[in-house]
Amino acid sequence: MEVVYEDNHIIIVNKRSGEIVQGDKTGDRPLSDIVKDYIKEKYAKPGAVFLGVVHRLDRPVSGLVVFARTSKALSRLNKMFAEGEVHKTYWAITKNAPRDSEGTLTHWLVRNEKQNKSYAYDQEKPNAKKAILKYRVLSHSDNYSLIEVNLMTGRHHQIRCQLAAMGCPIKGDLKYGAPRSNPDGSISLLSRRVEFVHPVSKETIIAEAPLPDDKLWKAFKVES
């Protein structure tokens, strides 16, 4: 497990593709349990360790996950996430390049629970939720584009669904139209950066995930 930031109230870790953030029906050991074990061992804590899950990443996605280490931080972070005060930036690799190098996507997403998939529509539909993101193309390699995404809303599979609706499915994302899977079962979507005001100290926290150890990610030349 890779810790990117930690203090008495929060801990930010770099999730690997394939890990689940919180326990689910698969019964696989979640990242939250791994983080609890880390805290228990590092600080020699007796008894149960408190850890609050404030957001999740899809299983095939890698990158930053923020956890709360105290109940005070948990309640405040939950409020901050709900009110859009936590700014998350994602990087995605797509086979197709967008028509415009930057822009805003607005769709209405309808979630299909049985398929665990969302569908994007240009106009409002019954039971649809409005989804907005901003994107810009950061770089191109020989065959792919690297796109930066900033979420304005937080919807089920929002980035995966909206980029696919634009004609740019994420590399490896079979569910949303990619032609083939990635060898390790991942999709090429990274929770790259998170920025927020610390819920207790009020300092600005900025954390950044390293790029996956993969030659495709490292093929891109990104202007700083």
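Residues numbered from 1 in each chain as written. Predicted model: local features only at pLDDT ≥ 70, side-chain atom pairs only at ≥ 80, totals over all residues. Heavy atoms only, no water.

Concerning helix α2 (residues 71-82)
Helix length check: α2, at twelve residues, gives a terminal C-alpha distance of 17 Å against a target of 16 Å (1.5 Å per residue), a fit within 8%. All of the buried residues in α2 are A73, L77, M80 and F81. Viewed end-on, α2 has its buried residues packed into an arc of 95°, placing them on one side of the element. Of the exposed residues in α2, the ones pointing more than 90 degrees away from its buried face are S71 and A82. On the buried face of α2, the contacting elements are β2 (10-15), β4 (62-68), β5 (87-94) and β10 (189-197). Immediately downstream of α2, the backbone of G84 shows phi near 70°, a positive value. (Helix = DSSP H or I, 4+ residues; strand = E, 2+ residues; numbered from the N terminus. Expected span 1.5 Å × (residues − 1). Buried < 20%, exposed > 50% of the residue type's maximum accessible area, 1.4 Å probe, protein only. Arc of directions from axis to C-beta. Contact = heavy atoms within 4.5 Å.)

Some details on the pairing of strand β11 (residues 204-208)
It is a general feature of regular strands that their side chains alternate between the two faces of the sheet. Residues I205 and A207 point to one face of β11 and are all buried, whereas T204, I206 and E208, pointing to the other face, are not buried. Note: β10 against β11, five bridges, orientation antiparallel. Paired with V197 across the bridge in β11 is T204. Linking two consecutive strands that pair antiparallel, namely β10 and β11, is a turn of six residues; a positive phi of about 70° is found at K202 within it. (Pairing = 2+ DSSP bridges.)

Notes on the layout of surface pockets
Of the pockets and cavities examined, the largest pocket occupies roughly 1600 Å³. Around the largest pocket, the lining comprises 46 residues; the ones closest to its centre are R56, D58, R155, H156 and H157. Here the lining of the largest pocket is built from residues that sort into 15 nonpolar, 16 polar and 15 charged. What the second largest pocket holds in volume is close to 420 Å³. Forming the walls of the second largest pocket are 22 residues, and the residues nearest its centre are D184, S186, P212, D214 and W217. (1 Å grid on protein atoms, 1.4 Å probe; cavity = no way out; pocket = protein on both sides within 12 Å on 5 of 7 lines; lining within 4 Å. Points joined across faces, edges and corners; volume = space filled by probe spheres on them. Nonpolar A, V, L, I, M, F, W, Y, C, P; charged D, E, K, R; others polar.)

Notes on the pattern of salt bridges
All chains considered together, the criterion is met by 13 salt bridges. The partner of R136 in a salt bridge is E148, and the shortest N-O contact between them spans 2.9 Å. Placement of the pair is R136 in strand β8 (residues 129-140) and E148 in strand β9 (residues 145-151), with a sequence separation of twelve residues. For E148, a relative accessible area of 13% gives the class buried. R193 is the partner of E195 in a salt bridge, and the nearest nitrogen-oxygen pair spans 3.1 Å. Connected via shared salt-bridge partners are D58, R160 and D173. (Salt bridge = Lys/Arg side-chain N within 4 Å of Asp/Glu carboxyl O.)

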